[in-house]
Amino acid sequence: MTFASAPHILAIAAGIQPAYDKDVTPTPPACGRDIPWRRGEAAGFGLPRVRVETPAPPVLGKEPVHRKCADFRFDPDSMCESGFLFFGEPMTLHDKFGRQITDLRVSVTDRCNFRCVYCRSADPENYREHDEILSWNELERLARIFADLGIQKMRITGGEPLVRDGVEVYLRKLTELRVPDISMTTNGHLLAERVPGLISAGLHRINVSLDSLDPIKFEKITRTRSYDSVMRGIDAVQATALAPAKINAVLVRGFNEDEVEAFAAFARERGVIMRFIEFMPLDADRHWSRDLMVPAEEVYRRIHAQWPLVQIPHAQSETARKYRFADGAPGEIGLIAPVTQPFCGHCSRIRLTADGKVRTCLFSKDDHDLRGMLRNGASDADIEERIRALVDQKEKGHRINEAGFVPPSRTMVFIGG
């Protein structure tokens, strides 16, 4: 299948505009069944736990292995009256393949003010009804349950998370739960003016999607006129404690793969972490093919030829293989290769969709509902038991490279990035 076999993307690349409003249009409130915030139950602290990782297969050459230190969390209830500390069983999630699950992606809305060609269709779509979306209180309760089960990292996603009022309040709730690593992925359109509030609420890290450094091409990819707003958002992040921003670019051949070197130069000039993500079969228009996907190895060769790269040690569960510039220039390069070099063997992630479904893999065929349990009187213990059972059955891998692979019925905007 050649690039020409993706008619809609080809039309955009050729300058033929589809029927859409290129200005970012207001998004209806995505509050779900929001009710006034209650004070959450005491978060407590999980029991001590140790993250144990096994060696990963080589990716992009022989790689050093970075082993993370143990993560300990103190539980006051584990102390006896004399003040001595007794340790019980660690509160952790493991699947049947022995992988420890420590990362949760939380989609807080299915709404977005962009219509990126690799993510959602340009045709009008109906959002889910508000009462189908988890309320902030429901999201808070699930976050507390997941934290008690050993989740160490929570990433807030969408849709576009900043279109839903209350994100900063939710971040504060996660901070109160002592979640060690809180991050967010955003398209950057609303970011500049929100950075101070996000930092105050406890955000630790931020990823910004930027698929072209050419304003005209950016408009064609995102179907918006938001390039300047996104750049202001990145500049705002770089001037704060959130720096360095992680900049995510999905490369599509015939569309933006000619900007690899420009993106690398951008990383050097701005001191950001530039991450290149292989195009995956999650586009709403179902035009994905291997011919459109730019392999991470190709990206590495092109950048390395111009600016030699030195690999940075990484945890085996990390999605990106990281590199610094050998000449000492600021910035960093990250390569995420889920298609050509899958990292499923060390996957530590699960996802919670905005409508309360657990997905144990980005490419899962099935969703597993928690919303019904939340709204039908299930106890925290019941929900914990359900989550453990789902994680135990987590898929061995995404199967993109196997015969008969079937893309998930949900596209990226509904799964959560």
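Residues numbered from 1 in each chain as written. Predicted model: local features only at pLDDT ≥ 70, side-chain atom pairs only at ≥ 80, totals over all residues. Heavy atoms only, no water.

(A) Local environment of the pairing of strand β4 (residues 153-157). Of all the five residues making up β4, four are buried; the element is thus mostly covered by neighbouring parts of the structure. Pairing analysis gives five bridges linking strand β3 (residues 103-107) to β4, with the strands arranged parallel. Bridging across to β4, Arg105 finds its partner in Arg155. Once the chain exits β4 it traverses helix α3 (residues 167-176) before rejoining the sheet at strand β5 (residues 181-186), and the crossover so formed is right-handed. (Buried < 20%, exposed > 50% of the residue type's maximum accessible area, 1.4 Å probe, protein only. Helix = DSSP H or I, 4+ residues; strand = E, 2+ residues; numbered from the N terminus. Pairing = 2+ DSSP bridges. Right-handed = clockwise from strand over helix to strand, strands pointing away.)

(B) Up close: the pairing of strand β8 (residues 273-278). Most of β8 is tucked away, with six of its six residues classed as buried. On β8, burial covers both faces: Ile273, Arg275 and Ile277 on one face and Met274, Phe276 and Glu278 on the other are all buried. Inspection of the sheet shows strand β7 (residues 246-251) paired to β8 by six bridges, in the parallel sense. Bridging from a neighbouring strand, Asn248 pairs with Arg275 of β8.

(C) Local environment of the packing of helix α7 (residues 260-270) against helix α8 (residues 296-306). Between α7 and α8, the least distance of the axes is 10 Å, while the angle of their chain directions is 60 degrees. Here α8 runs oblique to α7, going by the angle between their axes. Between α7 and α8 lies a crossing whose hand is right-handed. Of the residues in α8, those in contact with Val260, Glu261 and Ala264 of α7 are Val299, Arg302, Ile303 and Gln306. A breakdown of the residues in the contact of α7 with α8 according to their chemical character gives four nonpolar, one polar and two charged. (Axes fitted to C-alpha atoms, helices over the stretch in contact; angles between N-to-C directions. Parallel < 35°, antiparallel > 145°, perpendicular 65-115°, else oblique. Left-handed = near helix turned anticlockwise from the far one by under 90°. Contact = heavy atoms within 4.5 Å. Nonpolar A, V, L, I, M, F, W, Y, C, P; charged D, E, K, R; others polar.)

(D) Structural detail: the sheet that holds β7. What the twelve strands build is an open sheet, ordered β9-β10-β11-β8-β7-β6-β5-β4-β3-β12-β13-β14; its pairing is mixed. Of all the strands in the sheet, just β9 (309-312) and β14 (368-369) have a single pairing partner and so form its edges. Relative to strand β11 (residues 332-336), strand β10 (residues 321-325) runs antiparallel, the two being bridged by four bridges. Following the sheet pairing, Lys322 is matched in β11 by Gly334. Seen against the sheet, α3 touches β3, β4 and β5 and runs at an angle of roughly 160 degrees to β5.

(E) Summary view of the pattern of salt bridges. Taken as a whole and judged by the stated rule, the model has 17 salt bridges. Residues Arg205 and Asp181 are paired through a salt bridge, measuring 3.1 Å at the closest nitrogen-oxygen approach. Remark: Asp181 occurs in strand β5 and Arg205 occurs in strand β6 (residues 205-209); sequence separation between them is 24 residues. On the basis of relative accessible area, Arg205 is assigned to the partly exposed category, the value being 24%. Connected via shared salt-bridge partners are Arg253, Glu261, Glu298 and Arg302. (Salt bridge = Lys/Arg side-chain N within 4 Å of Asp/Glu carboxyl O.)

(F) Here's a closer look at the environment of Asp181. Looking at Asp181, the relative accessible area reads 14%, which means it is buried. Taking the C-alpha atoms as reference points, Asp181 and Arg155, 26 residues apart in sequence, are found 8.2 Å from one another. Apart from residues lying up to four places away in sequence, Asp181 is in contact with Gln152, Lys153, Met154, His204 and Arg205.

Taken by themselves, the reported measurements are silent on function.
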